[in-house]
Amino acid sequence: MIIDKNIMEKLRSCIPMNELSQENFNYLCNEIVVEEFPAKTKLFTIGDDDPLSIYLISGELDLVSNDGTRSLVQSNKDNTRYAIANLKPRRYNGIARTS
């Protein structure tokens, strides 16, 4: 897959991709799937045990716990350098807040 230059720059700052050699990063970029979701789309569910690491490149995402507590994740914040809710099985529902 061909990845937009802006997306590559954002990914390059993500952890652990920031530690890869250029050759390995280029290889990874050929394997990455970039998806866009409309607002209110559920990206993952509490209990999911998928092998995916999800990074928020743009927009906002709500993490919703079992008791309904919401935490806002924004792509322009430093914490999005890490995969979102990466513990497995997942402990939150991930719902797109913006498209």
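Scroll up to find the structure.
Residues numbered from 1 in each chain as written. Predicted model: local features only at pLDDT ≥ 70, side-chain atom pairs only at ≥ 80, totals over all residues. Heavy atoms only, no water.

If you look at the biggest cluster of nonpolar residues, it comprises 10 residues: Ile3, Ile7, Leu11, Cys14, Met17, Phe25, Cys29, Ile32, Tyr55 and Ala83. Residue assignment for this core shows that the elements contributing at least two residues are helix 1 (5-12) and helix 2 (22-31). Phe44, Leu56, Leu61 and Ile84 belong to the second largest nonpolar core, which has seven residues in total. (Core = buried A, V, L, I, M, F, W, Y, C linked by side-chain atoms within 4.5 Å. Buried < 20%, exposed > 50% of the residue type's maximum accessible area, 1.4 Å probe, protein only. Helix = DSSP H or I, 4+ residues; strand = E, 2+ residues; numbered from the N terminus.)

Structurally, the position occupied by Ile54 is in the loop between strand 1 (42-44) and strand 2 (60-64). C-alpha of Ile54 to C-alpha of Arg12: the two residues are 42 residues apart in sequence and 14 Å apart in space. Discounting residues that sit within four places of it in the chain, Ile54 has contacts with Phe44, Ala83, Ile84 and Arg90. (Contact = heavy atoms within 4.5 Å.)

It is worth spelling out the side chain of Asp50 at this point. Relative to the elements of secondary structure, Asp50 occurs in the loop between strand 1 and strand 2. A polar side-chain atom of Asp50 sits 2.9 Å from a polar atom in the side chain of Arg90. Dropping the residues within four chain positions of it, Asp50 is found in contact with Lys88 and Arg90. (Polar contact = N/O pair within 3.5 Å; in protein donor to acceptor, adjacent residues only side chain to side chain.)

The strand order across the open sheet built from four strands is 1-4-2-3, with neighbouring strands paired in antiparallel fashion. Each edge of the open sheet carries a strand with a single partner, namely strand 1 and strand 3 (70-74). Adjacent strand axes in the sheet meet at a mean angle of 30°, parallel and antiparallel pairs treated alike. Pairing analysis gives five bridges linking strand 2 to strand 3, with the strands arranged antiparallel. Among the inter-strand pairings, Val64 is bridged to a residue of strand 3, identified as Arg70. (Pairing = 2+ DSSP bridges. Axes fitted to C-alpha atoms, helices over the stretch in contact; angles between N-to-C directions.)

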